[in-house]
Amino acid sequence: MQIFEYNGSAVVAMVGKNCFAIASDRRLGVQLQTIATDFQRISKIHDRVFIGLSGLATDVQTLYQRLVFRHKLYQLREERDMKPETFASLVSAILYEKRFGPYLCQPVIAGLGDDDKPFICTMDSIGAKELAKDFVVSGTASESLYGACEAMYKPDMEAEELFETISQALLSSVDRDCLSGWGGHVYIVTPTEIKERILKGRMD
């Protein structure tokens, strides 16, 4: 078992029409033993940028704290929030800085940029970015997430349809992976509001 798979995880972000959704599972395990069923993988950086971190849970929390710290410094200096593209570059730089002893995380970043244009990207543990126009996935359930998202995604979905699509993709994918699951956590972000929803899934 790879160290990335030690705690199990599934994170996915999807783009809609002037909105985006980001979702994750809620299981925290140690290999096949479940430790918690309400683990928070998705974090709000500010109202228009969210990050989901899959991988080793200790590094997920450490990296998140460093990112919040760096974003607060940016806010103090620039007197504005970071754009999603800028934030993605910051995450990439922080990960690459530690490339010889990396944070064992694979981030998924989603945000609304200028003109409410959605931006999503993911990267590996040393910060190599992968940009996408439709969806990005990461975690132990990523293979089945690719298949489910590929089948269900269609462009320019409205917020409610996007919620339905990402939820079905997440729940059907984590059922095919024994290291992630136990429900889901979904954020739908539009220019005017943020909706947070908890999904119930199979409890095994």
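Fair warning: this is a prediction, and the values are worked out from it, not measured in the lab. Residue indices follow the written sequence of each chain, beginning from 1 at its first position. Local features are withheld for residues below a pLDDT of 70 in this predicted model, meaning they are given only at 70 or higher, and side-chain atom pairs are given and counted only at 80 or more; totals for whole chains, interfaces and linings count all residues. The basis for every side-chain value is the complete set of heavy atoms in the structure, and neither hydrogens nor water enter the calculation.

Caption draft 1: Looking closely at the pattern of salt bridges. Between Lys or Arg on one side and Asp or Glu on the other, a salt bridge is scored when a side-chain nitrogen of the former is within 4 Å of a carboxyl oxygen of the latter. This model, assessed by the stated rule, comprises 11 salt bridges. Of the charged contacts in the structure, one is a salt bridge between D116 and R48, with a shortest N-O distance of 2.8 Å. Of the two residues, D116 is situated in the loop between β7 (105–112) and β8 (118–123) and R48 in the loop between β5 (42–46) and β6 (49–55); the sequence distance between them amounts to 68 residues. Partly exposed describes any residue whose relative accessible area lies between the buried limit of under 20% and the exposed limit of over 50%, with all areas from a 1.4 Å probe on protein chains only and scaled to the type maximum. With relative accessibility at 24%, the residue D116 sits in the partly exposed group. Note that E97 and R66 form a salt bridge whose closest N and O atoms lie 3.5 Å from each other. Note that E97 is positioned in helix α2 (residues 84–97) and R66 in helix α1 (residues 57–78), a separation of 31 residues in sequence. Judged by its relative accessible area of 46%, E97 is partly exposed. Judged by relative accessible area, R66 falls into the partly exposed class, the value being 23%. Secondary structure counts use DSSP, requiring at least four H or I residues in a row for a helix and at least two E residues in a row for a strand, with both numbered from the N terminus.

Caption draft 2: Geometry of the environment of I51. As for its placement among the helices and strands, I51 is situated in strand β6. In this structure the C-alpha to C-alpha distance between I51 and I109, which are 58 residues apart in sequence, comes to 4.6 Å. In what follows, residue pairs with any heavy atoms lying within 4.5 Å of each other are defined as contacts. Discounting residues that sit within four places of it in the chain, I51 has contacts with I22, R41, I42, S43, I45, L67, F87, V91, P107, V108 and I109.

Caption draft 3: Representation of the packing of α1 against α2 within the structure. Axis definition: a line fit to C-alpha positions, over the contact stretch in the case of helices; interaxial angles, taken between N-to-C directions, run 0 to 180 degrees. Two elements in contact, α1 and α2, have axes separated by 11 Å at closest approach and are oriented at 130°. On the basis of their axis angle, the class for α1 and α2 is oblique. Read as a crossing pair, α1 and α2 show a hand that is right-handed. Contacts from L63, R66, L67, R70 and Y74 in α1 reach T86, F87, L90, V91, I94, L95 and E97 in α2. In terms of residue class, the contact of α1 with α2 is built from 8 nonpolar, 1 polar and 3 charged. Roughly parallel means an angle under 35 degrees; roughly antiparallel means over 145; roughly perpendicular covers 65 to 115; every other angle is labelled oblique. Put simply, a crossing is left-handed when the front helix is turned counterclockwise from the back one by less than a right angle, and right-handed when it is turned clockwise. Polar here means any residue outside two lists: the nonpolar Ala, Val, Leu, Ile, Met, Phe, Trp, Tyr, Cys and Pro, and the charged Asp, Glu, Lys and Arg; Gly therefore counts as polar.

Caption draft 4: How the structure looks around the layout of surface pockets. Buried and open spaces are told apart on a 1 Å grid over the protein atoms alone, a cavity being a set of points where a 1.4 Å probe fits but cannot get out and a pocket being an open set with protein on both sides within 12 Å along at least five of seven lines. Residues with an atom within 4 Å of a point are the lining residues. Grid points are joined across faces, edges and corners, and a volume is the space filled by probe spheres set on the points. Taken as a whole, the largest pocket spans an internal volume of roughly 320 Å³. The wall of the largest pocket is formed by 14 residues, among which K117, P118, F119, A132 and K133 lie closest to the centre. When contributions to the lining of the largest pocket are tallied by element, the ones reaching two or more residues are β8 and β9 (129–132). Here the lining of the largest pocket gets 3 residues from one element, more than from any other, and that element is β8. Taken together, the residues of the lining of the largest pocket break down into 6 nonpolar, 2 polar and 6 charged. Of the volumes computed, that of the second largest pocket is approximately 230 Å³. Considered class by class, the residues forming the lining of the second largest pocket number 5 nonpolar, 5 polar and 5 charged.

Caption draft 5: Spotlight on the nonpolar core. Grouped together as the largest cluster of nonpolar side chains are 38 residues, with contacts concentrated most on V12, M14, I22 and L170. Contributions of two or more residues to this core are made by β1 (10–15), β2 (20–25), β7, β10 (135–139), α3 (142–152), α4 (159–174) and β11 (184–189). Broken down by element, this core gets its largest block of residues, 7 residues, from α4. Residues in contact with I22, not counting those within four places in the same chain, are V12, A13, I42, F50, I51, G52, V108, A110, I166, H185, V186 and Y187. Grouped together as the second largest cluster of nonpolar side chains are 21 residues, V49, L95, I109 and C121 included. To qualify as a nonpolar core, a set must consist of buried Ala, Val, Leu, Ile, Met, Phe, Trp, Tyr and Cys residues joined through side-chain atoms within 4.5 Å.

Caption draft 6: Main features of unusual backbone geometry. Despite not being glycine, Q31 has its phi angle at roughly 55°, a positive value. Within the element layout of this structure, Q31 appears in the loop between β3 (28–30) and β4 (33–36). The exposure class of Q31 is partly exposed, given its relative accessible area of 37%. Within the chain, D116 stands out as a residue other than glycine whose phi angle is a positive 55°.

Just distances and angles here, no functional claims.
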